[in-house]
Amino acid sequence: MTRRATARAHANIALVKYWGKRQSDLNLPANGSLSLTLDAMHTTTAVEWTTSGGIDEVALNGSRLEGRELAKIGAWLDRVRQLAGIQDRARIETVNNFPTAAGLASSASAYAALALAATAAAGLDLSPRDLSILARQGSGSAARSIFGGFVEWQRGDRPDGQDSFAEPILAPEDWDVRMLVAVLEPGPKPISSRDGMTVTTETSPMYGAWLATVEADLAAMREAVLARDLDRVGAIAEANCLKMHATMITSSPMILYWQPATVALMHRVVTLRHAGLGAYFTMDAGPNVKVLCAPGDAERLKGELLAVPGVQEVLMGKPGPGVVLL
Ligand code: PMV
């Protein structure tokens, strides 16, 4: 049995968001979502199983994880141990190629890479679908990072979650677009997406409106992606993101991930659009702004975003691949 394996997975940015769970232990989403996997941002993870006892060890970018962070990964590793019928401890080394301190969501690429490396090292040969189900249990959005290009994650109905997995709908080479990530100076530490979802679903009077309309957004988005219609994809993505943030802002206590520069970037994108540039923004559980555009507009747009005060750097990504063993 192979005892060690290394895998790489890429980050993904949702165009129709996952926000809220129908069951929290298995990370079963209240709604389906659709994302774009990006080539520029990835996590590389090596896993070694050892029978020599001790505890699971995880090093992220060279620093050992402890406490709650380590416990969360340990509980997820128990699922792998159960699948493989082993009691071994894991030694994990994981590295992000993008600025971790920038507060970019890294859990999607992290759990996607971990799912493949941990199962392969344990001698398991899971299908992409089963990897998606396993990765989902670490971080919901990780279900989507198993695949490249444009990816849809099914909500599913079953209590055991076996029908809640992601599937690719358009391969990376089938539609070339650019996603720019404007990284802002880190503000106060934001509330985690897990806690944010709980507060929102329990307290926002707008959450019902989210649930009532998100599946229609998803159907329209799927159609627009398959038609490779950038303006339509962008318009739906922007509206869906604003609707998600509206549920957060109307929660109690309020969850406001935006910084002043976040709002300045939104205005900038709208102004550029009025001037004829096809650019569309989206934001997740943090202040950074991601902007979708056509490849030919990306360099100019990058310059425009960098000129907004508060923007530290702008990363540029195109459709990237699914998880692979190295
Ligand atoms: O997978 P999580 O728990 O990091 O949640 C991701 C939530 C959003 O990034 C806000 C939306 C999404 O679909 O990725």
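For clarity, every value in this text was computed on a predicted model and none was experimentally measured.

## Quick word on the site of the ligand
(1) Moving on: Surveying the vicinity of the ligand reveals 14 residues, the closest of which are Tyr18, Ser139, Ser141, Arg144 and Ser193.
(2) Moving on: A distance of 2.8 Å separates an oxygen atom of the ligand from a polar atom in the side chain of Arg144.
(3) Moving on: A distance of 3.3 Å is found between an oxygen atom of the ligand and a side-chain nitrogen or oxygen belonging to Asp284.
(4) Moving on: Burial of the ligand by the surrounding chains reaches 92%, relative to a free accessible area of 380 Å².
(5) Moving on: Of the residues that constitute the shell around the ligand, the class distribution is 6 nonpolar, 5 polar and 3 charged.

## Details of the domain arrangement of the chain
(1) Moving on: The assigned domain composition of the chain is domain 1 (2–174) and domain 2 (178–317).
(2) Moving on: A straight line from the C-alpha centre of domain 1 to that of domain 2 covers 23 Å.
(3) Moving on: Every contact between the two is made by 32 residues of domain 1 and, on the other side, 40 residues of domain 2.
(4) Moving on: For the domain 1 and domain 2 pair, buried surface summed over both sides reaches about 3,000 Å², with 70% attributable to carbon and sulfur atoms.
(5) Moving on: Of all residues in domain 1, Leu15, Lys17 and Trp19 bury the most surface against domain 2, accounting for 29% of the area lost on that side.
(6) Moving on: Linking domain 1 with domain 2 are 2 salt bridges, by the criterion used here.
(7) Moving on: Between Arg222 and Glu152 there is a salt bridge, with the nearest N and O atoms lying 2.6 Å from each other.
(8) Moving on: Along the contact surface separating domain 1 from domain 2 lie 12 residue pairs in polar contact (both at pLDDT 80 or more).
(9) Moving on: Those elements that place two or more of their residues in the side of domain 1 that touches domain 2 are strand E1 (4–16), strand E4 (33–50), strand E8 (150–153) and strand E9 (166–170).
(10) Moving on: With 7 residues, E4 is the single largest residue contributor to the side of domain 1 that touches domain 2.
(11) Moving on: Per-class residue counts for the side of domain 1 that touches domain 2 are 19 nonpolar, 7 polar and 6 charged.

## Digging into the packing of helix H2 (residues 107–121) against helix H3 (residues 128–136)
(1) Moving on: Between H2 and H3, the shortest axis-to-axis distance is 9 Å and the interhelical angle comes to 120°. With respect to their mutual orientation, H2 and H3 come out oblique. Two packed elements cross with a definite hand, and for H2 against H3 that hand is right-handed. Where H2 approaches H3, its residues Tyr111, Ala112, Ala115, Leu116 and Thr119 are matched on the opposing element by Leu131, Leu134 and Ala135.
(2) Moving on: Of the residues belonging to the contact of H2 with H3, the class tally is 7 nonpolar, 1 polar and no charged.

## Some points on the nonpolar core
(1) Moving on: Ranked by internal contacts, the top residues of the largest apolar core, which has 76 residues, are Trp49, Trp76 and Met221.
(2) Moving on: When we break this core down by domain, the ones giving at least three residues each are domain 1 (2–174) and domain 2 (178–317).
(3) Moving on: Residues contacting Trp49, with those up to four places away along its chain left out, are Arg3, Leu77, Val80, Arg81, Ile86, Asp88, Arg89, Ala90, Ala118, Ala121 and Ala122.

## Side note on the sheet that holds strand E13 (residues 311–317)
Whenever strands of a sheet pair, they do so through backbone hydrogen bonds, lying parallel or antiparallel.
(1) Moving on: Ordered in space as E11-E12-E10-E13, the 4 strands form an open sheet in which the pairing is antiparallel. Single-partner strands in this sheet number two, and they are strand E11 (279–282) and E13. Strand-to-strand twist across the sheet, computed as the mean angle between neighbouring axes with direction ignored, equals 25°.
(2) Moving on: In this structure, strand E10 (residues 178–184) lies alongside E13, joined through 6 bridges in antiparallel fashion. In the sheet register, Leu180 faces E13, and the bridge partner there is Met316.

## Let's talk about the pairing of E10
(1) Moving on: Most of E10 is tucked away: 7 of the 7 residues are buried.
(2) Moving on: Taking every second residue as pointing to the same face, both faces of E10 are buried, with Arg178, Leu180, Ala182 and Leu184 on one and Met179, Val181 and Val183 on the other.
(3) Moving on: With 5 bridges joining them, E10 and strand E12 (residues 289–293) adopt antiparallel strand pairing. Paired with Ala182 across the bridge in E12 is Val289.

The rules we used
- Residues numbered from 1 in each chain as written.
- Predicted model: local features only at pLDDT ≥ 70, side-chain atom pairs only at ≥ 80, totals over all residues.
- Heavy atoms only, no water.
- Near = heavy atom within 4 Å.
- Polar contact = N/O pair within 3.5 Å; in protein donor to acceptor, adjacent residues only side chain to side chain.
- Areas by Shrake-Rupley, 256 points an atom, 1.4 Å probe, with all protein chains shown as cover.
- Nonpolar A, V, L, I, M, F, W, Y, C, P; charged D, E, K, R; others polar.
- Domains from an automatic or database assignment.
- Contact = heavy atoms within 4.5 Å.
- Buried area = accessible area lost by both parts, 1.4 Å probe.
- Salt bridge = Lys/Arg side-chain N within 4 Å of Asp/Glu carboxyl O.
- Helix = DSSP H or I, 4+ residues; strand = E, 2+ residues; numbered from the N terminus.
- Axes fitted to C-alpha atoms, helices over the stretch in contact; angles between N-to-C directions.
- Parallel < 35°, antiparallel > 145°, perpendicular 65-115°, else oblique.
- Left-handed = near helix turned anticlockwise from the far one by under 90°.
- Core = buried A, V, L, I, M, F, W, Y, C linked by side-chain atoms within 4.5 Å.
- Buried < 20%, exposed > 50% of the residue type's maximum accessible area, 1.4 Å probe, protein only.
- Pairing = 2+ DSSP bridges.

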